[in-house]
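# Structural features, examined
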Amino acid sequence: MIRFFGGLYLTVPLLVITILLVAAATFLEGQTGSHAAAEGWVYHHPFFYLLLGLYFVNILFSTFTRWPFRKSHIPFLLTHLGLLLVILGVAIKGFFGVQGVMRLHEGEGSHLIIFPKTEGLFGKNGEWRFSFPLLVGQSFQDGELTYTPLEIFPHGEGNWSRSAETIYMLDGGKAGYAAEETGKLIPISFEATPLPIPEKIEDARPILHLHIQKGDETEKRMLLYESPVLEPVFGTLLKFQPLVARAPNHIHLHKAKTIYRPGTQIPESFEAKISVDEEPFTLLMNQVYESKQGYRYYLSHIEGKAGEVKEVQLAVNFDPAKYILTYPGGLLVVLGSLLLLFKKKPSDYNKSKSAI
Amino acid sequence: MRYTLCFLCFLNFLSAFDVTGREGKWLYTLEVPEGWETIQTPKEVINDTREPLITWKKGSLEARLHSFPYRGSSIPAEAQVTRWLKKYPTEPLYEVFETSQAGYTGLVLLVEANGEGFLGAAFSLGERGKRAFRYHPEVCSDWTFVVKGTASELQHEKTALLFWIESLQLPFEILHD
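The sections below set out a description of the structure shown in this document. No experiment lies behind these values; they were computed from the predicted model shown. (Residues numbered from 1 in each chain as written. Chains lettered and ligands numbered in written order. Predicted model: local features only at pLDDT ≥ 70, side-chain atom pairs only at ≥ 80, totals over all residues. Heavy atoms only, no water.)

## Remarks on the overall build of chain A
Rules: Each helix is a run of H or I in the DSSP string that is no shorter than four residues. Each strand is a run of E no shorter than two, and both are numbered from the N terminus. We compute the radius of gyration from the C-alpha atoms alone; for a globule the expected value is 2.2 Å times N to the 0.38, where N is the number of residues. Burial here depends on accessible area, computed with a 1.4 Å probe over protein chains only, as a share of the maximum for the residue type. Under 20% is buried, over 50% is exposed, and the range in between is partly exposed. For this analysis, residues touch if any pair of their heavy atoms sits within 4.5 Å. In this tally, Lys and Arg are treated as positive and Asp and Glu as negative; His is ignored, and so are the chain termini. A single reference atom marks each charge: NZ on Lys, CZ on Arg, CG on Asp, CD on Glu.
Scanning chain A for helices and strands turns up seven helices and 19 strands. The C-alpha radius of gyration of chain A comes to 27 Å, more than 25% above the 21 Å expected for a compact globule of 356 residues. Oriented by its inertia axes, the alpha-carbon framework of chain A measures out at about 110 × 55 × 40 Å. Looking at chain A residue by residue over its 356 residues, the buried ones come to 40%. Residue pairs at least 24 apart in sequence account for 58% of intrachain contacts in chain A once pairs closer than 6 positions are excluded. Positive and negative side-chain charges of chain A, numbering 33 and 34 respectively, have mean locations separated by a distance of 16 Å.

## Describing the nonpolar core
What counts is decided by this rule: For the purposes of this section, nonpolar cores are sets of buried Ala, Val, Leu, Ile, Met, Phe, Trp, Tyr and Cys residues that join through side-chain atoms within 4.5 Å.
Membership of the largest hydrophobic core comes to 34 residues, with the highest contact counts inside it found for Tyr28(B), Trp56(B), Leu65(B) and Phe145(B). Where this core is concerned, the elements lending two or more residues are strand S1 (14–20), strand S2 (26–33), strand S4 (54–58), strand S5 (61–68), strand S7 (104–113), strand S8 (116–125), strand S9 (142–150) and helix H4 (151–167) of chain B. Leu243(A), Ile274(A), Phe281(A) and Tyr297(A) belong to the second-largest nonpolar core, a separate cluster that totals 24 residues.

## So, the environment of Leu175(B)
Structurally, Leu175(B) is set in the segment after H4. Since its relative accessible area comes to 68%, Leu175(B) is described here as exposed. Distance from Leu175(B) to Ala132(B), taken between C-alpha atoms, is 6.2 Å for residues 43 residues apart in sequence. For Leu175(B), the contacting residues outside a window of four places in its chain are Glu108(A) and Ala132(B).

## Here we look at the pattern of salt bridges
Note the following rule: Here, a salt bridge means any side-chain nitrogen of Lys or Arg that lies within 4 Å of a carboxyl oxygen of Asp or Glu.
Summed over all chains, the structure comprises 13 salt bridges over all chains. Of the charged contacts, one joins Glu226(A) and Arg103(A) as a salt bridge, the two residues approaching to 3.1 Å between their closest N and O atoms. Taken together, the residues span a long stretch of sequence, with Glu226(A) in the loop between strand S12 (217–224) and strand S13 (231–233) and Arg103(A) in strand S1 (residues 98–105) at a distance of 123 residues. Here Lys57(B) makes a salt bridge to Glu62(B), at a shortest N to O gap of 3.7 Å. Relative accessible area serves as the criterion here: at 37%, Lys57(B) is assigned to the partly exposed category. The partly exposed category is assigned to Glu62(B), whose relative accessible area is 27%.

## So, the packing of helix H4 (residues 46–64) of chain A against helix H5 (residues 74–96) of chain A
Residues and elements named next belong to chain A. Definition in use: Axes here refer to lines fitted to C-alpha atoms; in helices the fit is confined to the stretch in contact. Angles between the N-to-C directions go from 0 to 180 degrees. Roughly parallel here means an angle under 35 degrees, roughly antiparallel means over 145, roughly perpendicular means 65 to 115, and every remaining angle is called oblique. Left-handed describes a crossing whose near helix is turned anticlockwise from the far helix through less than a right angle; right-handed describes the clockwise counterpart. For this classification, Asp, Glu, Lys and Arg are treated as charged, while Ala, Val, Leu, Ile, Met, Phe, Trp, Tyr, Cys and Pro are nonpolar and the rest, including Gly, are polar.
Contact geometry for H4 and H5: axes closest at 10 Å, N-to-C directions at 155°. Relative to H5, the element H4 is oriented roughly antiparallel. In terms of crossing hand, the pair formed by H4 and H5 is left-handed. Between H4 and H5, the residues in contact are Leu52, Tyr55, Phe56, Ile59, Leu60, Ser62 and Thr63 and Phe76, Leu77, His80, Leu83, Leu84, Ile87, Leu88 and Val90, respectively. Class assignment for the residues of the contact of H4 with H5 results in twelve nonpolar, three polar and no charged.

## Brief notes about the packing of aromatic side chains
The cut-off we apply is this: Ring geometry is summarised as follows: Phe, Tyr and Trp rings, the Trp one being its six-membered ring, pair when their centres sit within 6.5 Å, and such pairs are stacked at plane angles under 30 degrees, edge-to-face over 60 and tilted between the two.
Applying the stated criterion to the full structure yields 19 aromatic pairs over all chains. On the numbers, 5.7 Å between centres and 55° between planes, the contact of Phe5(A) with Phe61(A) is tilted. With a gap of 56 residues between them, Phe5(A) in helix H1 (residues 2–5) and Phe61(A) in helix H4 connect regions that are remote in the sequence. The class of Phe5(A) is partly exposed, set by a relative accessible area of 23%. The class of Phe61(A) is partly exposed, set by a relative accessible area of 23%. Taken together, a centroid distance of 5.8 Å and an interplanar angle of 75° make the contact between Tyr104(B) and Trp143(B) edge-to-face. One end of the pair, Tyr104(B), is in strand S7; the other, Trp143(B), is in strand S9, and 39 residues separate them in sequence. Of the residues examined, Tyr104(B) reaches a relative accessible area of 0% and is grouped as buried.

## Remarks on a nonpolar patch on the surface
All names here are of chain A. Defined as follows: Like charges are joined within 9 Å and nonpolar side chains (Val, Leu, Ile, Met, Phe, Trp, Tyr) within 5 Å, but only among residues with over 30% relative accessible area and no salt bridge; these make up the patches. Working definition of accessibility: Shrake-Rupley area with a 1.4 Å probe, residue cover restricted to the visible protein chains.
Together, Ile2, Phe64, Trp67 and Phe69 make up a nonpolar patch on the protein surface, roughly 440 Å² of accessible area in all. In this fold, Trp67 is placed in the loop between H4 and H5. Take Trp67: its relative accessible area is 59%, and that puts it in the exposed class.

## A short note on the packing of H5(A) against helix H6 (residues 322–342) of chain A
Residue and element names in this part refer to chain A. Where H5 meets H6, the closest approach of the two axes is 7 Å, and the angle between their N-to-C directions is 155°. Accordingly, the angle class assigned to the pair H5 and H6 is roughly antiparallel. Along this stretch, H5 crosses H6, giving a crossing that reads as left-handed. Contacts between H5 and H6 involve Pro75, Phe76, Leu78, Thr79, Leu81, Gly82, Leu83, Leu85, Val86, Leu88, Gly89 and Ile92 from the first element and Leu325, Thr326, Gly329, Gly330, Leu332, Val333, Leu335, Gly336, Ser337, Leu339 and Leu340 from the second. The residue makeup of the contact of H5 with H6, split by class, is 15 nonpolar, eight polar and no charged.

## Some points on the sheet that holds S9(B)
Pairing between the strands of a sheet is mediated by backbone hydrogen bonds and can be parallel or antiparallel. Residue and element names in this part refer to chain B. Stated precisely, the cut-off is as follows: Criterion used throughout: strands pair if DSSP finds at least two bridges between them.
Spatially, the seven strands line up as an open sheet ordered S3-S4-S5-S9-S8-S7-S6, and their pairing is antiparallel. With one partner strand each, in any of the chains shown, strand S3 (37–40) and strand S6 (93–101) form the two edges of the open sheet. Each strand axis lies, on average, 15° off the axis of its neighbour in the sheet, ignoring direction. Across five bridges, S4 lies against S5 in antiparallel orientation. Counted as the bridge partner of Lys58 is Leu61 from S5.

## Concerning helix H3 (residues 35–43) of chain A
All names here are of chain A. To be explicit about the condition: Polar contact is the term for a pair of N or O atoms within 3.5 Å; when the atoms are in protein, one must be able to donate a hydrogen and the other to accept it, and sequence-neighboring residues count only if both atoms are side-chain atoms.
If you check which residues of H3 are buried, you get Ala36, Ala37, Ala38, Glu39 and Val42. On its buried face, H3 sits against helix H2 (8–32), H4 and strand S2 (109–125). Two or three places before Ala36, at the opening of H3, Ser34 has a side-chain oxygen 3.4 Å from that residue's backbone nitrogen.

## Some remarks on the layout of surface pockets
Note the threshold: We place a 1 Å grid over just the protein atoms. Points where a 1.4 Å probe fits but has no way out form a cavity, open points with protein on both sides within 12 Å along at least 5 of 7 lines form a pocket, and any residue with an atom within 4 Å of a point lines it. Grid points are joined across faces, edges and corners, and a volume is the space filled by probe spheres set on the points.
Looking at the second largest pocket, its volume works out to about 890 Å³. The wall of the second largest pocket is formed by 31 residues, among which Lys255(A), Lys257(A), Phe97(B), Thr99(B) and Glu166(B) lie closest to the centre. Every element with two or more residues in the lining of the second largest pocket is listed here: strand S14 (236–260) and strand S15 (267–276) of chain A together with helix H1 (2–11), S6 and H4 of chain B. In terms of residue class, the lining of the second largest pocket is built from 13 nonpolar, nine polar and nine charged.

Okay, here's the thing in structure tokens:
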């Protein structure tokens, strides 16, 4: 048992499968131009996590095949212990870590982390209330309203068909109402149509088919993901968008700029002046801010031309195991590998003995 | 890295400053570089937009901050730049660039003519800001920051002045939607 799980019979197939999967993911990403496709089919697939688990078992058991340990095993043990810590750190980060984004315009502040590609329903009747992740067929109640997601179409488009006779949408469409020429307010209603999934998964905009019940009254709506306008149902504004969480830090964006190569329009660098809990900091392309709580903020994207109010996307990352598992694990791997490199080979021992 | 160091070094000689608005309400916050003497306009309510909210002096240089009440539309920054350039009888040597900060968008003009220097910045609040402060029009005022003096002194202070302009912001955040 220990011989199989700790031996090459498991290591070699694991390595071969991993190499094939990574090659396939690289090919898939190259063909579709979509990193999300590679993530969905390979890197974030349960099978890939199973492989990681098997690596852990393989390394653990192979360590015990050396029992009883001797002084000469130290480099081998350090390398294997380091690898185990790294894999454990990756697993803890996957389950308990945070990986999201923050989107801010110049002059704005926020403490909300958005988790792209997740799907949640948000309702506003006074204050915004956040929903749990959506599960098709599973109802949930919020006040007097009961929501039942009937279906989530992977891609579609939405149209506001009555723009011709409206003067303007109140609050840019975010108030849920538009004003007609007569002055009458009409609730915004989107007509969303499901479409085939685009080749690049990142371009897909899901549609939620939602059933809403209030007492004996019922309504059905097709909500477009991250729609620029909001729809009111029974007096409640509804948003179908990524899930959000509260970050421990408040980020304020003062200014963002793209620095171009002199005399060209080729971007050379990006810069964002932010305040984290009122402490000023300048984020550069490869300069990260790490807060006291261990949250790391990276500058990932700047949108807007010169002379426009810029929108910045910050990548937010929290890895609870970084300092206790992953980094020490990496150090142990390096140390163990160096010791293995300079360790005397058995032939060296023989030479020394014969010299004596 | 060099930009951060430059910015951090600069912060060492900046001091926070709050400016009272045209209607007598505290409106802007900015970082004044060291060595500038503040001359407060001796009025609580300033009705004439030609009068500055506040003036600063350093050597031959004089910096003035003006605000222009918002009445449903902004004064385009291009109009302010054209007005400033018209003051020069002959076409001067000048540079204009677009910029944005703290929810504002605008233009910065640098002029050099006959040994005299001029720096003018004209800013208006962007659409998101105007929407967020629609019930507080005094916050939506346009503002200009003008510095005049000898060309050599202005050139010497140019980086500090640009950081000074960059530091101007409202004392509260635009609501994130």
